[in-house]
Amino acid sequence: SDLKGATMKKIGMLLALLAGALLGAQAQAQSSGQWYLGAGGGAVWSGDSPYPSTIQDTVSEGGKVYAGGIGEHWGVEFGYYYLGKYDINASDVKVGENKLQSVTAAGVYSAEFMPGILFHGKLGVAWTDNQYTCTAQCGALSPTNIDTKKTGLSGMWGLGIGLRVFKNFEIRSDWEHFGSVHEAVSTLNYHSGFDLLSISAQLNF
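Given the structure is predicted, the values throughout are model-derived calculations rather than measurements.

Moving on, we come to the overall build of the protein chain. A tally of regular secondary structure across the protein chain gives one helix and nine strands. From first element to last, N terminus to C terminus, the protein chain shows the α and β order α-β-β-β-β-β-β-β-β-β. Burial analysis of the protein chain (205 residues in total) assigns 41% to the buried set. Once local pairs closer than 6 in sequence are excluded, the contacts in the protein chain between residues at least 24 apart make up 63%.

Written out as structure tokens, the structure is:
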């Protein structure tokens, strides 16, 4: 219980620090910058299989919608991510699938290093939701194969390049990493990382 309490305290301090940074960046964006809205999709790479006898898909399709505000260089961004669906197999038979989604809040940095070409970076937190659904042998495996939902908080970061096609329209390519995501297959709990490589269209206001 002491370890759990210390962990919750650290998470609370991290959220408080991030909230302060995001509020400051948001105020800067309101006074001297711009707001933006974007959406995109791409490929997601998942972490290791939950246990040796199980084969988990490692690549899936993913997507995101996001919005933020930025000043001269610093800002804040919020997003919703669909991080893919992954088959879970036992002895070459599909017994279930994992579906992962996330809501994020991040501080962002942007700089134009060539005319019309921008560098983007972000660092923040992700609230993740992993849903395991049994599709075969439900209740027949040991331990019992049952539907499971697992939520958690993890860190996330991203790097990307943007091409300003028009004054208010930008195409972005981003690599974003979600670390130590909480997952579950039936009664088995584990953590793994996810990486999303995406292309997005962004409107600037």
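The subject of this paragraph is a nonpolar patch on the surface. Residues Trp45, Val59, Phe113, Met114, Phe119, Leu123, Trp157, Leu159, Ile161, Trp175 and Leu197 make up a contiguous nonpolar surface patch of about 1,000 Å² in total accessible area. Breaking the nonpolar patch down by element, the ones donating at least two residues are strand E5 (93-114), strand E6 (117-134) and strand E7 (148-166). Ranked by residue count, the leading element in the nonpolar patch is E7, at three residues. Within the fold, leucine 159 resides in strand E7.

What follows is about the pattern of salt bridges. For the structure on display, the rule yields ten salt bridges. In this structure, the salt-bridge partner of arginine 172 is glutamate 77, at a minimum N-O distance of 3.9 Å. Taken together, the residues arginine 172 in strand E8 (residues 169-185) and glutamate 77 in strand E4 (residues 74-90) connect sequence positions 95 residues apart. The burial state of arginine 172 is the same as that of glutamate 77; both residues are buried. Here aspartate 87 ties to lysine 94 by a salt bridge, and the two come within 3.1 Å at their closest N and O atoms. A relative accessible area of 24% places aspartate 87 in the partly exposed class. According to the relative accessible area criterion, lysine 94 is partly exposed, its value standing at 32%.

The rules behind these values
Residues numbered from 1 in each chain as written. Predicted model: local features only at pLDDT ≥ 70, side-chain atom pairs only at ≥ 80, totals over all residues. Heavy atoms only, no water. Helix = DSSP H or I, 4+ residues; strand = E, 2+ residues; numbered from the N terminus. Buried < 20%, exposed > 50% of the residue type's maximum accessible area, 1.4 Å probe, protein only. Contact = heavy atoms within 4.5 Å. Patch = residues over 30% accessible without salt bridge, like charges linked within 9 Å, V, L, I, M, F, W, Y side chains within 5 Å. Areas by Shrake-Rupley, 256 points an atom, 1.4 Å probe, with all protein chains shown as cover. Salt bridge = Lys/Arg side-chain N within 4 Å of Asp/Glu carboxyl O.

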